[in-house]
Amino acid sequence: MLPTLRQLQYLKLLAEHASFSRAAEAAHVSQPALSAGVQELEKILGAPVVERTRGNVQLTAVGAEAVKRAGDVLARTEDLVEAARNAGKPLSGRFRLGVIPTVAPFLLPATLPDLKSAYPALRLFIREDLTPRLIAGLKAGQLDAAVIALPYASAGIEHARIGDDEILAAAPADHVLAAPGAIQPGSLRAEDLILLEDGHCLRDQALAAFEIEAPKGDDIFAATSLHTLVQMVGSGLGVSFLPEMAVKAGLADNPSVVVRRIAPRGDRAAPSREIVVAWRTGSSRAAEARLLAEAMQQD
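A few points on the structure.

Reading the values: the criteria
Residues numbered from 1 in each chain as written. Predicted model: local features only at pLDDT ≥ 70, side-chain atom pairs only at ≥ 80, totals over all residues. Heavy atoms only, no water. 1 Å grid on protein atoms, 1.4 Å probe; cavity = no way out; pocket = protein on both sides within 12 Å on 5 of 7 lines; lining within 4 Å. Points joined across faces, edges and corners; volume = space filled by probe spheres on them. Helix = DSSP H or I, 4+ residues; strand = E, 2+ residues; numbered from the N terminus. Nonpolar A, V, L, I, M, F, W, Y, C, P; charged D, E, K, R; others polar. Buried < 20%, exposed > 50% of the residue type's maximum accessible area, 1.4 Å probe, protein only. Polar contact = N/O pair within 3.5 Å; in protein donor to acceptor, adjacent residues only side chain to side chain. Contact = heavy atoms within 4.5 Å. Pairing = 2+ DSSP bridges. Axes fitted to C-alpha atoms, helices over the stretch in contact; angles between N-to-C directions. Parallel < 35°, antiparallel > 145°, perpendicular 65-115°, else oblique. Core = buried A, V, L, I, M, F, W, Y, C linked by side-chain atoms within 4.5 Å.

1. Re empty space enclosed by the protein
So, step 1. This structure, assessed with the given rule, holds three cavities of 30 Å³ or more.
So, step 2. In this structure, the largest cavity spans a volume of roughly 50 Å³.
So, step 3. Considering the residues around the largest cavity, the lining is formed by L195, L196, L202, R203, A206, L226, L229, S240 and F241.
So, step 4. Put simply, the parts of the chain that give the lining of the largest cavity at least two residues each are strand 7 (195-196), helix 7 (201-209), helix 8 (226-234) and strand 9 (240-243).
So, step 5. Here the residues of the lining of the largest cavity are counted per class, giving seven nonpolar, one polar and one charged.

2. Focus on the layout of surface pockets
So, step 1. If you add up the space inside the largest pocket, you get close to 430 Å³.
So, step 2. Every residue lining the largest pocket is counted, 18 residues in all, and those nearest its centre are Q9, L74, A75, T77 and E78.
So, step 3. Counting only elements with at least two residues in the lining of the largest pocket, the list comes to helix 1 (5-17), helix 4 (61-85) and strand 3 (93-99).
So, step 4. Counting residues per element, the lining of the largest pocket draws most heavily on helix 4, which supplies seven residues.

3. Examining the side chain of S19
So, step 1. Among the secondary structure elements, S19 is positioned in the loop between helix 1 and helix 2 (20-27).
So, step 2. Looking at S19, the relative accessible area reads 10%, which means it is buried.
So, step 3. Separated by 3.3 Å, the side chain of S19 and the backbone nitrogen of R22 make a polar contact.
So, step 4. Those residues in contact with S19 that lie beyond four places of it in its chain are L14 and V57.

4. Brief notes about the side chain of R273
So, step 1. Along the polypeptide, R273 turns up in strand 11 (residues 272-280).
So, step 2. Residue classification places R273 among the buried residues on the basis of a relative accessible area of 1%.
So, step 3. A polar contact of 2.9 Å, which involves the side chain of R273, links it to the side chain of T102.

5. Quick look at the pairing of strand 11
So, step 1. Most of strand 11 is tucked away: seven of the nine residues are buried.
So, step 2. When strand 5 (residues 145-150) meets strand 11, the two strands line up antiparallel, connected through five bridges. Bridging from a neighbouring strand, I148 pairs with V276 of strand 11.
So, step 3. Relative to strand 11, strand 6 (residues 157-172) runs antiparallel, the two sharing nine bridges. Note on strand 11: the bridge partner recorded for E158 is W279.

6. Looking at the environment of A64
So, step 1. Within the secondary structure, A64 sits in helix 4.
So, step 2. By relative accessible area, A64 is classed as partly exposed at 39%.

7. A short note on the packing of helix 2 against helix 3 (residues 31-45)
So, step 1. Where helix 2 meets helix 3, the closest approach of the two axes is 8 Å, and the angle between their N-to-C directions is 100°. With respect to each other, helix 2 and helix 3 are oriented roughly perpendicular. Taken together, the residues of helix 3 that come into contact with helix 2 (itself represented by F20, S21, A23, A24 and A27) are Q31, L34, S35 and V38.
So, step 2. Across the contact of helix 2 with helix 3, the residue classes tally to six nonpolar, three polar and no charged.

8. Here's the deal with the nonpolar core
So, step 1. Formed by 66 residues in total, the largest nonpolar core has its most connected members in V147, I148 and L226.
So, step 2. Looking at this core element by element, the count peaks at seven residues for strand 6.
So, step 3. Ignoring any residue separated from it by four or fewer positions in sequence, one finds L226 in contact with T102, F106, L196, L202, L242, P243, A246 and L251.
So, step 4. If you look at the next biggest cluster of nonpolar residues, it comprises 18 residues, including L8, L13, V57 and A70.

Here it is, written out as structure tokens:
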């Protein structure tokens, strides 16, 4: 005998909620029905998948491995159903798209109207989050695709190019680096920088491009968003980096902030990041993700 999809779904919900009652509620079944399904799964696997104690549910080693594999099975099954429903109708029906915060406010308003016009049957659900969580969502089948910035290493993920986004420097208007002309990479110092908080890929990509180590210490300024970052630069707190798409969208239209390009270093081009649409390897919606990347390309 093999586990049923329903049994795998019960186990996945049990792992997420750590409670039989809450898992049953999420599955829209009674608690005895969910408990019976988990017990049947344990008989099939020949080992317990959860340790049952009063007020607490904890996965066993077998259960943890089963949840990991169940997530992939359920995600692929959902792909199958969605692909069958939309056979011959690309970019139609539900499509769950993740977008990183340093791209979403600037790329989506410029591309979604045309996308909706070209694919009127598309029902797009947007989730804005940091890259690691979006990648996890792709692998767990919670997202169909995600707009992220490269370089970012992750196995089991494929991507299609949207375009390049140059990384620019932003300085207070009275700062020495606000002088006309491109900024030389060697003139940027870690102690002068204010950055996005840890977890934003733009932060790591900019620092890597300039070969600067991240500032350390409790007194380092860190912004939660690009909008806050611009306000901090405008207040004279330091120098930072902005993506070109944000500058073109008017984010840095502040008389107290000056934006400058970064001069190439040796044989290296000016720093930039590549914006792509990513999806899980083997996803049945890969062709649609490629179409989405094409539709989002900017002139």
